[in-house]
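Below, each chain spelled out in residue letters.
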Amino acid sequence: VLPDILARFRLKYPDISISLDSQPQDRIPDWVSSGRADIGVVTLPVANVSVNPRALITRPALCVFPADHAFVARDSVAASDLADLPFVSFPRGTPFRFEIDTLFDRAGIERQMLTEATTHEAVCNLVAAGLGVSIVSPFSPHLRRDPALAFRPFLPAIPITIGMIADEDDLSVAAQAFHRFVLDEVDRLNAPQSPPPSVPT
């Protein structure tokens, strides 16, 4: 989500410098609370946050699989469809792994859990290499441009929420501008899409 927002921010504020630094989820609140970063963007919920995060966008998780997989013919992929399939997972102890495992455990669905990776991009790269299928964040549009991958909605839906952390009373003028800009962009992204106009022929 951020690269597109940053590009539009640059058009409006060409003189404000920005540094985008990718860090593990659990480190981001520490960076913000210590002043090492002005603003943090995280997947909610997060623990040990001294500043309440603002929820920005919620979208359902996607099932990812190789582009030549039989799932390509489907409109969605259900948990039961993944029974006994090789599954590329996230590391144990991560909130997203826990949520996915809980869903499959409650449904009594077994998967072949032989491969794991720490990021959504790494998971998708392993899936593209033919090591299995997975469930990933919907907030990585560049991954969906990979011709080796295909994505479908996963059922039952697993909502994923992106949030923003900042000490809003202690932001610089530049950081305040970016903070407001992100909120405005999110409002635009969350606005209901108007249906296309009907044109009689």
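Residues numbered from 1 in each chain as written. Predicted model: local features only at pLDDT ≥ 70, side-chain atom pairs only at ≥ 80, totals over all residues. Heavy atoms only, no water.

**Describing the environment of Thr115**
On the secondary structure map, Thr115 appears in strand E6 (residues 112-116). With 17 residues separating them in the primary sequence, Thr115 and Gly132 have C-alpha atoms 8.3 Å apart. Among residues more than four places away in sequence, those in contact with Thr115 are Phe87, Val88, Ser89, Leu126 and Leu131. (Helix = DSSP H or I, 4+ residues; strand = E, 2+ residues; numbered from the N terminus. Contact = heavy atoms within 4.5 Å.)

**Notes on the sheet that holds strand E1 (residues 39-44)**
The three strands lie next to each other as E1-E9-E2, forming an open sheet whose pairing is antiparallel. Each of the sheet's edge strands pairs with one partner strand only, and the pair in question is E1 and strand E2 (54-60). Neighbour to neighbour, the strand axes of the sheet diverge by 20° on average, direction disregarded. Across six bridges, E2 lies against strand E9 (residues 159-166) in antiparallel orientation. When the sheet's bridge partners are listed, Arg54 is paired in E9 with Met164. (Pairing = 2+ DSSP bridges. Axes fitted to C-alpha atoms, helices over the stretch in contact; angles between N-to-C directions.)

**Let's talk about the packing of helix H1 (residues 2-12) against helix H5 (residues 173-190)**
Look at H1 against H5: their axes get within 10 Å of each other, and the N-to-C directions meet at 120°. On the basis of their axis angle, the class for H1 and H5 is oblique. As for how H1 packs across H5, the hand of that crossing is right-handed. Residues Leu2, Ile5, Leu6, Arg8, Phe9 and Lys12 of H1 lie in contact with H5, whose contacting residues are Ala177, Phe178, Phe181, Val182, Glu185 and Arg188. A breakdown of the residues in the contact of H1 with H5 according to their chemical character gives eight nonpolar, no polar and four charged. (Parallel < 35°, antiparallel > 145°, perpendicular 65-115°, else oblique. Left-handed = near helix turned anticlockwise from the far one by under 90°. Nonpolar A, V, L, I, M, F, W, Y, C, P; charged D, E, K, R; others polar.)

**What to know about helix H4 (residues 120-128)**
Taken as a whole, H4 has its buried residues at Val123, Cys124 and Val127. The buried residues of H4 occupy an angular sector of 95° when the element is viewed end-on, so they sit on one face. The elements touched by buried residues of H4 are strand E3 (62-66), strand E5 (86-89), strand E7 (134-136) and strand E8 (149-155). Gly130 occupies a position one or two residues after H4 and carries a positive phi of about 90°. (Buried < 20%, exposed > 50% of the residue type's maximum accessible area, 1.4 Å probe, protein only. Arc of directions from axis to C-beta.)

**Comments concerning helix H3 (residues 95-107)**
A rise of 1.5 Å per residue sets the reference length of H3, with its 13 residues, at 18 Å; its end C-alpha atoms lie 19 Å apart and thus fit the reference within 8%. The set of residues buried in H3 consists of Phe96, Arg97, Ile100, Asp101, Thr102, Leu103 and Phe104. The inward-facing, buried residues of H3 abut E5, E6, H4, E7, E8 and E9. In the segment just after H3, Gly108 is the residue with positive phi, at about 70°. (Expected span 1.5 Å × (residues − 1).)

**Some details on the pattern of salt bridges**
For the structure on display, the rule yields seven salt bridges. Between Arg54 and Glu168 there is a salt bridge whose closest N-O contact spans 2.7 Å. Of the two residues, Arg54 sits in strand E2 while Glu168 sits in the loop between E9 and H5, which places them 114 residues apart along the sequence. Taking relative accessible area as the criterion, Arg54 reaches 36% and is therefore assigned partly exposed. For Glu185, the salt bridge is made with Arg188, and the minimal N-O distance between the two is 3.0 Å. With Glu185 and Arg188 both in helix H5 and three residues apart, this pair spans about one turn of that helix. (Salt bridge = Lys/Arg side-chain N within 4 Å of Asp/Glu carboxyl O.)

**Re the nonpolar core**
Formed by 49 residues in total, the largest nonpolar core has its most connected members in Leu82, Phe96, Phe104, Ile135, Phe151, Phe154 and Ile158. Apart from the residues within four sequence positions on either side, Phe96 is in contact with Ala61, Phe90, His120, Ile135, Val136, Ile158 and Ile160. Listed in part, the six residues of the second largest apolar core include Ile28, Val32, Ala37 and Val42. (Core = buried A, V, L, I, M, F, W, Y, C linked by side-chain atoms within 4.5 Å.)

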